Amino acid sequence: MAVNRAEFLQALQAVQAGLSTKATIQQSSCVVFRNNEIITFNEEVACRIKSPLKLEITGAVAAKPLMKILGKLSEEVVDVSVEDNKLFIKGDKREACIVMEADIVLPVDSVEKPGEKWKPLHEDFLDAINTVCECTGRDSEKIALTCVHITKDFVEACDNSQMARYTVPTRIKIDGLVRGEYIKHIVTLEMKEVNETEMWIHFRNDLGLVLSCRRYTEGYPNLTPTIETEGIPTSFPPGLVEAVERAEVFSEENADNNRVRIDLRTGKVRIKGTGNSGWYTETKDIEYDGPYLAFQVSPKLMVQLVKRHNKCDVTGKQLRVNGGKYIYVAALVAAPTNVSATPPKKKGRTDE
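Residues numbered from 1 in each chain as written. Predicted model: local features only at pLDDT ≥ 70, side-chain atom pairs only at ≥ 80, totals over all residues. Heavy atoms only, no water.

### Some words on the pairing of strand 8 (residues 95-101)
Stage number 1. Only one face of strand 8 is covered, namely the one carrying Ala96, Ile98 and Met100; the face carrying Glu95, Cys97, Val99 and Glu101 has none of its residues buried.
Stage number 2. As judged from the two bridges shared by strand 5 (residues 59-62) and strand 8, these two strands associate in the antiparallel manner. Note on strand 8: the bridge partner recorded for Ala60 is Glu101.
Stage number 3. Pairing between strand 7 (residues 86-90) and strand 8: five bridges, direction antiparallel. Note that in strand 8 the partner of Lys86 across the bridge is Val99.
Stage number 4. Between strand 7 and the antiparallel strand that follows it, strand 8, lie four residues; Lys93 among them carries a positive phi value of about 65°. (Buried < 20%, exposed > 50% of the residue type's maximum accessible area, 1.4 Å probe, protein only. Helix = DSSP H or I, 4+ residues; strand = E, 2+ residues; numbered from the N terminus. Pairing = 2+ DSSP bridges.)

Structure representation (structure tokens):
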């Protein structure tokens, strides 16, 4: 049957968040065709969207080659057919064949189906998720540190070195934890509605794509005392955004821990990004008169914060930004001993 190639590819790309390259479960790197839907699932998140194919297909197909070949074809319309457990894609004098597994073993039915009553997301919800996700960690053994904590009135996250809380009506009745690396996809997918079941939170966009995130009910630490701490008012210096972006050239090489280091001394702030291939450092003047402090922060979040809010508070243990709707706190990291508040005179290049 004939199908618009771009529409088919768009539907496949829409469900990418549910794919896994780690083969955590069988067929988790596949797209499943069933009941006129395209489905992906990797234990933590499931995606489903109506299939643009008018062809009854039941089976699982490796997602990577399917999307790659569709992306490299130039035809507006391609012919898609199934024969002997093989998916055929035909263009003008060219044809691709991808093996299809007829038996669907991916446990897509373990994901609870959302009810009929969808609620519109608050206009700030996507921004809230985008902000706090930068404070989630990647240590899977410490589940709370990898998750976004979603409550009725706010969302928050903490990786033990930085945290953020964003006050927003979430339309969620049951508090829970959702893995940050997966719920962040609702931002780029422009989700508009939310629905919840006992163990899952479901989001839907204008394309009809449904993204379901597994919800954990483990306890979460009380971050309120940390959030309410105040310190010495300080202003971020001009050009800090550009300095952080330059430092990220190297820090982003640490895919699981992309952080830049910020050192504060009286009148000076130094930004440093370090990666496998090298490092970048830049020092700027700042209106700060206090003890030596050092923080490690997400460069993307730091850029967001500085662009929105030029003021911060500094205590002996943390840096705090109060942006009104959100509060961000970075904790003090281990700093060198015998460091004075007055910056030393330069004696040449240093990579300390």
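### What to know about the sheet that holds strand 18 (residues 260-265)
Stage number 1. In spatial order, the strands read 20-19-18-21; together these four strands make up an open sheet with antiparallel pairing. Single-partner strands in this sheet number two, and they are strand 20 (278-285) and strand 21 (293-297). Between one strand axis and the next, the sheet turns through 15° on average, direction left out of account.
Stage number 2. Of the strand pairs in this sheet, strand 19 (residues 268-275) and strand 20 are connected by eight bridges, and their pairing is antiparallel. The residue bridging Val269 from the neighbouring strand is Lys284, located in strand 20.
Stage number 3. Helix 8 (residues 240-251) rests against strand 18, strand 19 and strand 20 of the sheet, and its axis sits at about 25° to strand 19. (Axes fitted to C-alpha atoms, helices over the stretch in contact; angles between N-to-C directions. Contact = heavy atoms within 4.5 Å.)

### Structural notes on the pairing of strand 19
Stage number 1. Most of strand 19 is tucked away, with six of its eight residues classed as buried.
Stage number 2. The pairing of strand 18 with strand 19 spans five bridges and is classified as antiparallel. Bridged to Ile262 within strand 19 is Ile271.
Stage number 3. Here strand 18 folds back onto strand 19 in antiparallel fashion, the turn holding two residues, of which Gly267 has a positive phi close to 80°.
Stage number 4. The loop that links strand 19 with its antiparallel partner strand 20 comprises two residues.

### So, the confidence of the model for the protein chain
Stage number 1. Of the residues in the protein chain, 93% reach a pLDDT of 70 or more, and the chain-wide mean stands at 89.
Stage number 2. Residue range residues 334-352 is modelled with pLDDT below 50. Its contacts to residues more than four positions away, or to other chains, number 21 contacts. (pLDDT = per-residue confidence, 0-100.)

### Topic: the sheet that holds strand 5
Stage number 1. Strand order in the open sheet made by the twelve strands is 1-6-7-8-5-2-3-4-16-15-14-9, with antiparallel pairing throughout. The outermost strands of the open sheet, each flanked by one partner alone, are strand 1 (2-4) and strand 9 (119-120).

### Brief notes about the pattern of salt bridges
Side chains carrying opposite charge are able to pair once their charged atoms draw close together.
Stage number 1. The final tally for this structure, using the stated rule, is 19 salt bridges.
Stage number 2. One salt bridge in this structure joins Arg48 and Glu37, with 2.7 Å as the shortest N-O distance. With Arg48 in strand 4 (residues 45-50) and Glu37 in strand 3 (residues 37-41), this pair connects stretches of sequence that are eleven residues apart.
Stage number 3. Judged by its relative accessible area of 25%, Glu37 falls in the partly exposed class.
Stage number 4. For Glu193, the salt bridge is made with Arg204, and the minimal N-O distance between the two is 2.8 Å. (Salt bridge = Lys/Arg side-chain N within 4 Å of Asp/Glu carboxyl O.)

### Details of the packing of helix 8 against helix 9 (residues 299-308)
Stage number 1. At a closest axis distance of 9 Å, the pairing of helix 8 and helix 9 adopts a crossing angle of 175°. What the angle tells us is that helix 8 and helix 9 run roughly antiparallel. The segment helix 8 lies against helix 9, with Leu240, Val241, Val244, Glu245, Glu248 and Ser251 engaging Pro299, Lys300, Met302, Val303, Val306 and Lys307. (Parallel < 35°, antiparallel > 145°, perpendicular 65-115°, else oblique.)

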